[in-house]
Number of protein chains: 2
Amino acid sequence: MDRNDPTLQDDERPDGGPVHGADDDGVDEAPRHGDRRGDEAKPAEIEHLDEDDRLTREFVEAVREAVHADDDDRVYQLVEPLHPADIADLIELVPAEERVGLGKAIAELMTGEVISELNEHVRDALFEQLSPDAVAQIAEQLETDDAVALIEDLDDADQRAVLAELDPEDRAAIEDALSFPEESAGRLMQRDLVAVPEHITVGNLIDYLRDNSDLTTEFWEVFVVDPAHRPVGACQLSWILRTPRHIPISDVMKRDQTLIPATMDQEEVALRFQKYALISAAVVDSAGRLIGQITADDIVHIIQEEASEDALLMSGAGEGDINQPIRESYTERVRWLIANLGTALIASLIIAAFGAAIEKLVALAVLMPVVASIGGNAGTQTMAVSVRALAMNQLTQSNTLRVLWREMRVAMLNGVTVAALIGGATAFIFEPMLGLVIATAVVINIITAGFAGVAVPVIFDRLDQDPAVASSVFVTMITDSMGFFAFLGLAVASGLVG
Amino acid sequence: MDRNDPTLQDDERPDGGPVHGADDDGVDEAPRHGDRRGDEAKPAEIEHLDEDDRLTREFVEAVREAVHADDDDRVYQLVEPLHPADIADLIELVPAEERVGLGKAIAELMTGEVISELNEHVRDALFEQLSPDAVAQIAEQLETDDAVALIEDLDDADQRAVLAELDPEDRAAIEDALSFPEESAGRLMQRDLVAVPEHITVGNLIDYLRDNSDLTTEFWEVFVVDPAHRPVGACQLSWILRTPRHIPISDVMKRDQTLIPATMDQEEVALRFQKYALISAAVVDSAGRLIGQITADDIVHIIQEEASEDALLMSGAGEGDINQPIRESYTERVRWLIANLGTALIASLIIAAFGAAIEKLVALAVLMPVVASIGGNAGTQTMAVSVRALAMNQLTQSNTLRVLWREMRVAMLNGVTVAALIGGATAFIFEPMLGLVIATAVVINIITAGFAGVAVPVIFDRLDQDPAVASSVFVTMITDSMGFFAFLGLAVASGLVG
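Residues numbered from 1 in each chain as written. Chains lettered and ligands numbered in written order. Predicted model: local features only at pLDDT ≥ 70, side-chain atom pairs only at ≥ 80, totals over all residues. Heavy atoms only, no water.

1. A few points about the overall build of chain A
So, point 1. Counting its regular elements, chain A contains 22 helices and six strands.
So, point 2. For 498 residues, the compact-globule formula gives about 23 Å, and the C-alpha radius of gyration of chain A, at 30 Å, lies well above that figure.
So, point 3. The C-alpha extent of chain A, read off along each of the three principal axes, is 95 × 65 × 55 Å.
So, point 4. The buried share of chain A, taken over its 498 residues, is 60%.
So, point 5. Residue pairs at least 24 apart in sequence account for 65% of intrachain contacts in chain A once pairs closer than 6 positions are excluded.
So, point 6. Within the structure as shown, chain A displays about 19,400 Å² of accessible surface, and the carbon and sulfur contribution to it stands at 54%. (Helix = DSSP H or I, 4+ residues; strand = E, 2+ residues; numbered from the N terminus. Rg over C-alpha atoms; globule rule 2.2 N^0.38 Å. Buried < 20%, exposed > 50% of the residue type's maximum accessible area, 1.4 Å probe, protein only. Contact = heavy atoms within 4.5 Å. Areas by Shrake-Rupley, 256 points an atom, 1.4 Å probe, with all protein chains shown as cover.)

2. Details of the pattern of salt bridges
So, point 1. A full pass over the atoms with the stated rule returns 34 salt bridges over all chains.
So, point 2. A salt bridge links B:R64 to B:E98; the nearest nitrogen and oxygen atoms lie 2.8 Å apart. Taken as a pair, B:R64 in helix α1 (residues 57-68) and B:E98 in the loop between α3 (84-93) and α4 (99-105) lie far apart in primary sequence, 34 residues in all. This pair shows no difference in class: B:R64 is buried, exactly as B:E98 is.
So, point 3. One network of salt bridges, with partners in common, ties together A:D50, A:R54 and B:D461. (Salt bridge = Lys/Arg side-chain N within 4 Å of Asp/Glu carboxyl O.)

3. As for the UniProt feature "transmembrane region" (unreviewed entry) in chain A
So, point 1. The sites that carry the UniProt feature "transmembrane region" (unreviewed entry) are, in the present numbering, residues 336-358, 364-390, 411-430, 436-460 and 472-497 of chain A.
So, point 2. A distance of 27 Å separates the end C-alpha atoms of residues 411-430 of chain A, which is 95% helix and 0% strand. (UniProt positions renumbered as here; feature names shortened; annotations may be inferred.)

4. Things to note about the domain arrangement of chain A
So, point 1. According to the domain assignment, chain A contains domain 1 (41-183), domain 2 (195-297) and domain 3 (326-493).
So, point 2. Look at where the C-alpha atoms of domain 1 of chain A and domain 2 of chain A centre, and you get two points 31 Å apart. (Domains from an automatic or database assignment.)

5. A few points about the sheet that holds strand β6 (residues 290-295) of chain A
All names here are of chain A.
So, point 1. Strand order in the open sheet formed by three strands is β4-β5-β6, with mixed pairing between adjacent strands. What marks the edges here is a single partner per strand, and that holds for β4 (259-261) and β6. Adjacent strand axes in the sheet meet at a mean angle of 35°, parallel and antiparallel pairs treated alike.
So, point 2. Note that β4 and strand β5 (residues 280-284) share three bridges and pair parallel. The partner of I260 across the bridge, within β5, is V283. (Pairing = 2+ DSSP bridges. Axes fitted to C-alpha atoms, helices over the stretch in contact; angles between N-to-C directions.)

6. Regarding the nonpolar core
So, point 1. Membership of the largest hydrophobic core comes to 136 residues, with the highest contact counts inside it found for A:L90 and B:L90.
So, point 2. Those residues in contact with B:L90, other than ones at most four positions away along the chain, are B:L55, B:F59, B:V60, B:V63, B:V79, B:L82 and B:L102. (Core = buried A, V, L, I, M, F, W, Y, C linked by side-chain atoms within 4.5 Å.)

7. A short note on helix α10 (residues 168-178) of chain A
Residues and elements named next belong to chain A.
So, point 1. Of all the residues in α10, the buried ones are D170, A173, I174, A177 and L178. Along the axis of α10, the buried residues cluster in a sector spanning 135°; they form a single face. Away from its buried face, by an angle of more than 90 degrees, α10 presents the exposed residues P168 and E169.
So, point 2. Looking at the buried positions of α10, the neighbouring elements they touch are α7 (132-141), α8 (144-152), α9 (156-165) and α11 (185-188). (Arc of directions from axis to C-beta.)

8. With respect to the relation of the copies chain A and chain B
Relating the two copies of this chain is a rotation about some axis coupled with a shift parallel to it.
So, point 1. Mapping chain A onto chain B calls for a rotation angle of 180° and an axial translation of 0.0 Å; the resulting RMSD is 0.1 Å. Here the transformation between the copies is reduced to the relation of a two-fold axis. In terms of proximity to the rotation axis, the leading residue of chain A is A:A311, whose C-alpha is 2.2 Å off the axis.
So, point 2. Here 100% of the contact residues of chain A are again contact residues in chain B; the copies associate through an equivalent surface. (Least-squares fit on C-alpha atoms with pLDDT ≥ 70 in both.)

9. Some thoughts on a negative patch on the surface
Residues and elements named next belong to chain B.
So, point 1. On the surface, E120, E182, E183, D265, E267, E305, E328 and D466 cluster together into a negatively charged patch.
So, point 2. On the secondary structure map, D265 appears in the loop between β4 (259-261) and α15 (266-275).
So, point 3. Exposure remark for D265: the relative accessible area of 33% places this residue in the partly exposed category. (Patch = residues over 30% accessible without salt bridge, like charges linked within 9 Å, V, L, I, M, F, W, Y side chains within 5 Å. Lys, Arg positive; Asp, Glu negative; His and termini not counted. Charge placed at Lys NZ, Arg CZ, Asp CG, Glu CD.)

10. Some words on the environment of A:D298
Residues and elements named next belong to chain A.
So, point 1. As for its position among the elements, D298 is in helix α16 (residues 296-315).
So, point 2. C-alpha separation for the pair D298 and F180, spaced 118 residues apart in sequence, amounts to 17 Å.
So, point 3. Not counting residues up to four positions away in its chain, the partners in contact with D298 are D145, L188 and Q190.
So, point 4. Within the local environment of D298, its side chain forms a polar contact with the side chain of Q190, the two groups lying 3.3 Å apart. (Polar contact = N/O pair within 3.5 Å; in protein donor to acceptor, adjacent residues only side chain to side chain.)

11. Overview of the interface of chain A and chain B
So, point 1. Listed as interface residues are 199 residues of chain A and, on the opposing side, 199 residues of chain B.
So, point 2. Together chain A and chain B conceal approximately 18,000 Å² of surface at their shared face, both sides included; 56% is due to carbon and sulfur atoms.
So, point 3. Ionic pairing is found between A:D86 and B:K275, a salt bridge with its closest N-O pair at 2.3 Å.
So, point 4. Linking chain A to chain B there are 51 residue pairs in polar contact (both at pLDDT 80 or more).
So, point 5. With 17 residues, the top contributor of residues to the side of chain A that touches chain B is helix α19 (residues 363-391) of chain A.
So, point 6. In terms of residue class, the side of chain A that touches chain B is made up of 90 nonpolar, 52 polar and 57 charged. (Buried area = accessible area lost by both parts, 1.4 Å probe. Nonpolar A, V, L, I, M, F, W, Y, C, P; charged D, E, K, R; others polar.)

12. What to know about unusual backbone geometry
Residue and element names in this part refer to chain A.
So, point 1. A positive phi is found at D70, a non-glycine position, where the angle reads about 55°.
So, point 2. Take D70: it is sitting in the loop between α1 (57-68) and α2 (72-79).
So, point 3. Residue D70 is classed as exposed on the basis of its relative accessible area, which comes to 61%.

13. Let's talk about the state of the cysteines
So, point 1. Summed over all chains, the structure comprises zero disulfides over all chains.
So, point 2. The structure places no disulfide on A:C235, whose sulfur is separated from the nearest cysteine sulfur, that of B:C235, by 19 Å.
So, point 3. Its relative accessible area of 0% is what places A:C235 among the buried residues. (Disulfide = S-S within 2.5 Å.)

14. Quick word on the environment of A:A62
Residue and element names in this part refer to chain A.
So, point 1. Examined against the element boundaries, A62 turns out to sit in helix α1.
So, point 2. Looking at A62, the relative accessible area reads 14%, which means it is buried.
So, point 3. A62 sits 317 residues away from G379 along the chain, and the two C-alpha atoms are 48 Å apart.

15. Overview of the sheet that holds strand β3 (residues 231-236) of chain B
Two orientations exist for strands paired in a sheet by backbone hydrogen bonds: parallel and antiparallel.
All names here are of chain B.
So, point 1. Pairing in this open sheet of three strands is mixed, and the strands run β1-β2-β3 from one edge to the other. Sheet topology places β1 (195-197) and β3 at the edges, where each strand pairs with a single neighbour. Neighbour to neighbour, the strand axes of the sheet diverge by 30° on average, direction disregarded.
So, point 2. Sheet topology places strand β2 (residues 221-225) next to β3; five bridges connect them, and they run antiparallel. When the bridges of β3 are listed, V224 appears paired with G233.

See the structure below:
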């Protein structure tokens, strides 16, 4: 752990100039560095963000009122202080039918940054109302990766129309990106980067950066390449800033860097960024040539998406976006409800086989859902743990049996505890034998749940299926069926319903 | 969209020196830039990573065999080429009882980076076997945030013992971090950063960085502060590298930066990084003074954790880590199984109230779990969508009613579809009236599920509870109870079991 006084002390200041006050209103003379939100410092009439960084209801209502009143100046005045990400949130929070009016009033504020932050469903709906020419104009403002995200969602005819309107250079870059598979590194990467040959010095590099004003400013590492344009090293900018001008770049760079193949799935890319704590990484084509870079700020979205996707997939909610068109939500979800209907009918068949027993002892009908429900819950718990461990590469062939055995032990402890409670209560309310039957059935079902909760996702993973998607249906089918079968079967076998 | 040829062309190379070949084995003369994994280029005897970047079973088995054979040299030789993150994975993949033997053989490779990548349960178990002195030695190798993560998990007595062994300076930094709430920005931040006064020029800054070799190299922005050490701006390193030496830093910096209060919860910090696409951000104390920085590579772990947590919380699996001690997993999960037992008993009471009807028509017992199961599934779908939208600040007071109405419409579509299927089948197999009853009950239950799936998480959120934690129990209780009540109640009301 090394630590330094992070501030220059007064006596070591490189020059003796006066210290500017904190409220000094210095003018930014380098407007290309953009992104200034200086106006936020002005007191807003209405608090626009709450303590959790969400737009307040009052603010959203004020904007909507102004939109209804066709008071474009007021709308603009309200929205102008917002950060682009908040403008995107505002558009999402306003009802769909008011978005065009809002967009018209704040047209000047609809920058590439706002567009790239917009939820894709909201964006697509807005863009359907624009001409290909207007879409192309917006796409040209965006970075390649954001432009690709915009254009890849259009249908083929619209895609062609927009591409035709683009500058040839931009068109080539976007067409190139679209040639990579969906959700691959090739679509995610930025083509703008800084790459230099190995033999130059730190001083050469700094001069090159100062002399070429058209270079991107969005880079955190400089990539060093060989004559065939293959990466041979990477250099954090802080290393460059701290090294004397005469030192060769090859002495400063790290030779061993994590390279991302352009065809790699974005989920794998995100895992690599996480595993190796990357801020940026070089993307290479199949010949190993440097063709782009991916930066951590793009990756946080992917990680959020991929990690929160599992909860939605396990519940059968599909993409699960509140901005998704209702028809899409319906078709995504109804599939799983129908699958669930199928598995529920298997459970019904098992119950039907014991119909005579239920007629004789209606307590069986009263208690059987308890056994199934507890098993289902225990199975879902284990499944959620396994799905996450698989997603994070923690559960591999090396430890599958160990994890299975671990979960079985947790299941046994859980089973005995819950069985004691429900068995005791049943024995007290109904009769001791029924208590013993339900307790045994609960233990059997929770242990089955523990086994299925590991085995089902692991089997799907081995078959190269996403374990989150289909596991839930199978695990619930197993625990429901086993719950009814164990409970009703034991009731008959024990002679309770002689 | 601006684009440039990312490589220096031959004719614009700042010097005419020979181009080094790609296989040139230049020696890194700046070893402080560390992290070299050049040895990975050597062909390994055994492939250690599979195509998904996971350690292969063969490799893990080879290491375990060498550990069993007490062949420390072989273990070292196998493990040495691995990246620290992979060494951490290896330790996790080996059974707990073999970890000490492995750790002994690769003691020299157990760097701070390996320790900070280790799963916390595995790390805690390993550290219980070490003396406070040994733990302190390891803590001193780590960055403040990693050292804090290590020490905060120890019990109070061990914490004091380790802190007593630390250098006074390190101890002060760690004690300071521990004074902030758990999971807050103050615990997450690094104290090492570069901060400079506003009046200096770009040239002054570069000289300062070159002259102070003890400064951290882990920074991506330079923070500009006023005399009271309050941030007034931030400067991406690429801007500095591209600006002539005589320009004042105040002309290059962005005045408007996102500041993180030290007491902010890490989940909020992660949302800010995501929303504003940050690579690093300044952390300020309650007086607004700069006290640390947080970088995106630390945030990706938080985002992954927080986002995948919801699936575990919703299923009642608690922390849901496969390395967690069994006793902890048991106590976390059994609570929810017992809560589930309670809600299942409410459903049982409803069934019991209709006992006479079931005795007369056993088909009711056969079909009632279908109605409950479908409702539960529909409720879980809607709940997963709402919980995610809440977590991502997409569902706020401004659009709650709109989202509720959206989900009700999806529920109606789903309800009608599923009801038609199950109603038709039931009418065909049993009798038309029972088909009508089950179809109506399914529609009622899926609509109830849609309502509860939004309302329950939103209510928990308004009460400042985590909507993921408790929503599932309530939603399932509502759909189970409503399923049995609607189906059995309609059966009686329709005169089916007269």
